[in-house]
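What follows is each chain in one-letter form.
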Amino acid sequence: MDGAVPLFRMEGISKRYGGVRALEKAELSVTSGSIHAILGENGAGKSTLIKIMAGVVAPDEGRMMLDGSEVTFASPAAANQAGIVCIFQELSLVPELSVADNIVISDPPKRFGMIDRKAQRRIAEEALARAGAADIHPLALVKDLPLSRRQMVEIAKALARKPRILILDEATSALTAADVAKIFGVLKRLRSEGLALLYISHRMNEIAELADQCTVFRNGRNVASYAAGTKSDNEVVELMIGREYSHIFPPKPVRAPATAAPVLEARKLSWTDRLDNISLTVGAGEVVGLGGLDGQGQRELLLAFFGVLRGLSGQILIDGKPTTIASPAAARDDRIGMALIPEDRKTEGLMLPMTVRENLSFAALDRLSKAGIIDRAAEQRLIDDMVGLLAIKTAGLDIPVGALSGGNQQKVVIAKWLMRQPRIILLNDPTRGIDVGTKQELYQLMRKLADQGAAILFYSTDYDELIGCCDRVLVLYDGAVKRELVGAEITERALIASALNIHGEEMPVRGMAKTPARGADA
Amino acid sequence: MSETTIGGIAGRMPKFIRRADPAVLTAFACIVLLLFLGSLYSRSFLSPEYLLQQLKVASFLGIIATGMMLVILLGQIDLSVPWSVATGAMMACAAAAYGPVGVALAVPFGIFCGVLIGIVNGVGVAYLRIPSMIITLATNAVAQGLMVVYTGGFSPQDSATRAMRYLATGFAIPGVPNAVIIWALIGAAMVFVLTRTGFGRTVYGIGNRERAAYLSGVDTRRVVLIAFAISGGLSAFGGVLLAGYASKAAQSMGDAYLLPSIAAVVLGGTSILGGRGSYLGTVAGVILITLLQSILSVMQMPEAGRQIIYGVVIVAMLLLYGRAPASR
Amino acid sequence: MKDWRYWLAEQRGTLLAFGIFIVMFIIYTSNHPAGFTANVVQTASNKGVLLAFVAMAQTLVVITAGIDLSVGMIFLLTNCLASWLVIGTGIETAFGVVAVLGTGLLCGAINGAIVIYGRLQPIVATIATGAVYFGIALLLRPFPGGSVNEDLADALTGRLFGVVPASLVVLLAVVLVVWVPFSRSVLGRAAYAAGSSEMAAYMSGVPIRRGKFAAYALAGLLAAIGGLFLTFFTYTGEAAYASGNAYTLFSIAAVVLGGVSLFGGKGSAIGAIFGALAFRTIGDLLFVFDFDPLWQPLFQGVILLIAVSLGAFALFRVRNRLEWFL
């Protein structure tokens, strides 16, 4: 690496979680005074790598060298001592404590054995100023701050620890554009001060602006390292996925748009400040997409239909009739026949320690029971059908569903709802974090269900999916429908332009399409 | 109570009989060990009469622990057991004072009062989202207050009805005490409910992840409410039987059943965090605790020593196999 | 926003408890046959201080998102121990006090060790250790009895300068010596952080285990101070199961009234103290209104039920039902 002695080096690092191999003989070198970008698809091993660096998890094998001598970190505190500080994707702030408490949390200033609040406040103010977030009051409780401010606190907290190596894991995902600009300024200054920075992001334009050195991870291995700017975006994407990137989408039917009466309709639906006068229709046999940046109200819209939100204004109509849906139990009732594939399959879709069988039949127990007693033969038949239909790969029906791969877990979530033969299917980003093969199967399945007459409302953060799967796409911005795209209008360019709420069609965006910016925080 | 379970959701199956569940096996092994130790102390320890007597004593705890288990499977706890037991006993005896109708309705009325306590608990936990530990302590205090007012602070003079005494001490089948039969029936019903009904599946589902159960379109609040009502009813039924056993109710008769009922469930391998456990384990836990109590009393151990040994044994056994997974 | 507003927001629970206490105390004294006299205040504070100590103990553990169902039993155990040891010459008495407090600390440390290092659930673990502590108390005092250094007892339960109840002064001293240093120490902050978000605290390199352990151990110490005071108050030791349970229960009520969140990470022992004093005063209102004392348990139970239900009002503000399950 340019002949410089690496400040930090990892060699032959491997880590397994149960049967899953997260890292396999991974290598990484970090040099002072440079910004090192790490790229890779979800599940490529990036997160595990930095968790090991930061002392959060222990590697199964391999060694780490700091300043040329071997080190091990028993805890995050030990890594911090050595000067390695990480800003994690999942925020590591304590919600009930104040901003100042959080900033100094790992090593508060002390006076007579007690925490010196004045000194603490001073340190906090300095750190916030360095991070360009002097607008945040040090006494405010973290739980009262919006997500973008919390992320700034997180960065200030890292700076207050005077790191030698600073790791940023998707640290800009919730920030506003102005904040991102500030942070970039801060990061460049830190680089000139001789820090080593490790930068993990899905946003190619950010990496292009910041990085000196890039390393690409794939399937738990580092597959390439190169100086920034020496490869084109397309080459990088190929390195990440290992082959030409192409989804195969099922053909869309040619149809006269919206001739059939809508099955699901919303009229002027509003909820707190998150949903703003949304009107939409979904007809039988139609796949309607929800687009836009993440966090623009798509999730809330699906929850509103599914009876989870209170205090809605406006109307929901099922088969043209105004309907009040007071709970998921009401939503799944035969009269409505709705299903929701929720955002987080691990906490909302499944009970991980329970068996595949129990999870599959969980939403249909009322149908499979007579007088409350489960008809086990009927249950078995239906489960066999579903396992066959979705080609769920499992070692058996009586193993915990948590032992399945992510893609198969997601299939179980979908199958559990298909057991009720829903007429209206709401999907909340169902392909997040699952493998390409399974994604393809899900696209096929979605179209098949629509052809059988289901009305499908499909939210995705992947624009390619919206383009490939949907008959129409509604783009949400700040809780309102900004634009409706039909048929051939659904292009990457149109999606991105309307997602950012701009009308120009000449957006310079290759790369952003794969990873729509998370919530440019309205 | 945030549990850091980074890599720790080891696969466990909530099935009635799990192949070699270490907790249930350990509990049964401890039962055998206790019987062995007891037989060293006294020959009569292995006699059928003695064992049957123990089973009879165990059945009161067994019935109460059945309700407790249902609640613990939900990831909740019922600390109102002491005064649910006492309320059931006292109200059944009280009803008996109201002529032949009262005598006839004594048992159902006692159970009904327990169900009422359980419903208050259930409404608090399911609909008001008050932590179960807190709301059940509060209803326990209220039930105690009501009973103190009712009895004037003394043990009530009303005595148990003949039906109550028959249920607790009679023999419908020669050689098998009725209390044991009742426990067996309740236990069988519980096994059936847990393994074969939608309600049982839902209980496990809620215990594992209430959010996912709710988003599956299950009315989780109703299930929680019903579970607490059943727990209250079974506690009260236990109290009714205990009153029949002793011929009358007493002020603090339920105090001796809170810790043992929780301990029996947890020692039987049911996770205190909910979602995992089998009734077979609870049966083992109940018998284990009863034998332990019996041996201590045969050895004429004073109350103080019993409490100490009790607490130590429970902590020791939980440390053996009831620990939360290590973080990291 | 100005600094004082943040301070006010932070202290809201404590101030509310203080307000409730003041209102209740005014109702109490204005209806008391003797009125607002030094004597009435002294008696009230002696009773209130007992619960205040136990409530402080409970607060420490609740802050870590745990619960200690053995505080009442540690209280009894130390009471029984004190009725043996806190007697004789000045040196002997002093030694006895240290031994009693050390025992409380040990009991708390055992709880902490089992919960934190043994990784058992606090509810079950402390119910079980509570049985052990009660057993030991019963060994020490199978029947009520014993005695205490009466000079010390009278001094600490009497009045300073004829006006100020000495027990309140001791309470204040304990707050200054135990609570304030703890809450401002690294360990105290670790306890708060662990209670609020154990994962975030771990990620931040906070000494979670030591913080929680310190909280449990100090809880034992505070319960022991309560037990010591019970001995000064009654001159005897008694292992009364119902009394131990009642103190555990009331400590939870006091903590809730005092604005301490049962989900951890939020609240202060000072709030819990006012919660305890308010709870005691409300319980004693029955006496000044000449009710039959038989109604007191019911009355206290209903107050407890109302207190714990109050938090449920926040539910009506929840617009997204998924927040029920956080």
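Notes on the structure in this doc start here. Since this is a predicted model, take the numbers as computed values, not measurements. (Residues numbered from 1 in each chain as written. Chains lettered and ligands numbered in written order. Predicted model: local features only at pLDDT ≥ 70, side-chain atom pairs only at ≥ 80, totals over all residues.)

1. Remarks on the overall build of chain B
Thinking step 1. Counting secondary structure elements, chain B contains 13 helices and zero strands.
Thinking step 2. Since a compact globule built from 328 residues should have a radius of gyration of about 20 Å, the 20 Å found for chain B is in line with a globular shape.
Thinking step 3. Taken along the three principal axes of its C-alpha coordinates, chain B extends 60 × 50 × 35 Å.
Thinking step 4. Looking at the 328 residues of chain B, the share that counts as buried comes to 57%. (Helix = DSSP H or I, 4+ residues; strand = E, 2+ residues; numbered from the N terminus. Rg over C-alpha atoms; globule rule 2.2 N^0.38 Å. Buried ≥ 20, exposed ≤ 12 C-beta atoms within 10 Å, placed from the backbone.)

2. A look at the sheet that holds strand β13 (residues 262-271) of chain A
Thinking step 1. The antiparallel open sheet is built from four strands, whose spatial order is β14-β13-β16-β17 (chain A). The open sheet is flanked by β14 (275-283) and β17 (321-322) of chain A, the only strands paired with a single partner. (Pairing = 2+ DSSP bridges.)

3. Comments concerning the sheet that holds strand β12 (residues 221-227) of chain A
Backbone hydrogen bonds are what pair the strands of a sheet, in a parallel or an antiparallel way.
Residues and elements named next belong to chain A.
Thinking step 1. Across the sheet, six strands lie side by side as β6-β9-β10-β3-β11-β12; this open sheet has mixed pairing. At either margin of the open sheet sits one strand with a lone partner, and together these are β6 (84-87) and β12. Put simply, the sheet's adjacent strands are angled 20° from each other on average, direction ignored.
Thinking step 2. The pairing of β6 with strand β9 (residues 165-169) spans four bridges and is parallel. When the sheet's bridge partners are listed, Ile84 is paired in β9 with Ile165.
Thinking step 3. On the sheet, helix α1 (residues 46-53) packs against β3 (34-40), β6, β9, β10 (196-200) and β11 (213-218) and is oriented at approximately 150° with respect to β9. (Axes fitted to C-alpha atoms, helices over the stretch in contact; angles between N-to-C directions. Contact = placed C-beta atoms within 7 Å.)

4. As for helix α2 (residues 12-31) of chain C
Residues and elements named next belong to chain C.
Thinking step 1. In a regular helix each residue adds 1.5 Å, so 20 residues correspond to 28 Å; α2 covers 29 Å between its end C-alpha atoms and thus fits that length.
Thinking step 2. All buried positions along α2 are accounted for by Gly13, Thr14, Ala17, Phe18, Ile20, Phe21, Phe25 and Tyr28. Seen from one end, α2 has its buried residues packed into an arc of 165°, which puts them on one side. Turned more than 90 degrees from where α2 packs its buried face, Arg12, Gly19, Val23, Ile26 and Ser30 sit exposed. (Expected span 1.5 Å × (residues − 1). Arc of directions from axis to C-beta.)

5. Some points on the environment of Leu167 of chain B
All names here are of chain B.
Thinking step 1. With respect to the secondary-structure elements, Leu167 resides in helix α6 (residues 162-169).
Thinking step 2. Once the C-alpha coordinates of Leu167 and Gln144 are considered, the two residues, 23 residues apart in sequence, prove to be 25 Å apart.
Thinking step 3. If we ignore the near neighbours within four places in the chain, the residues touching Leu167 are Asn178, Ile182, Leu241 and Gly244.

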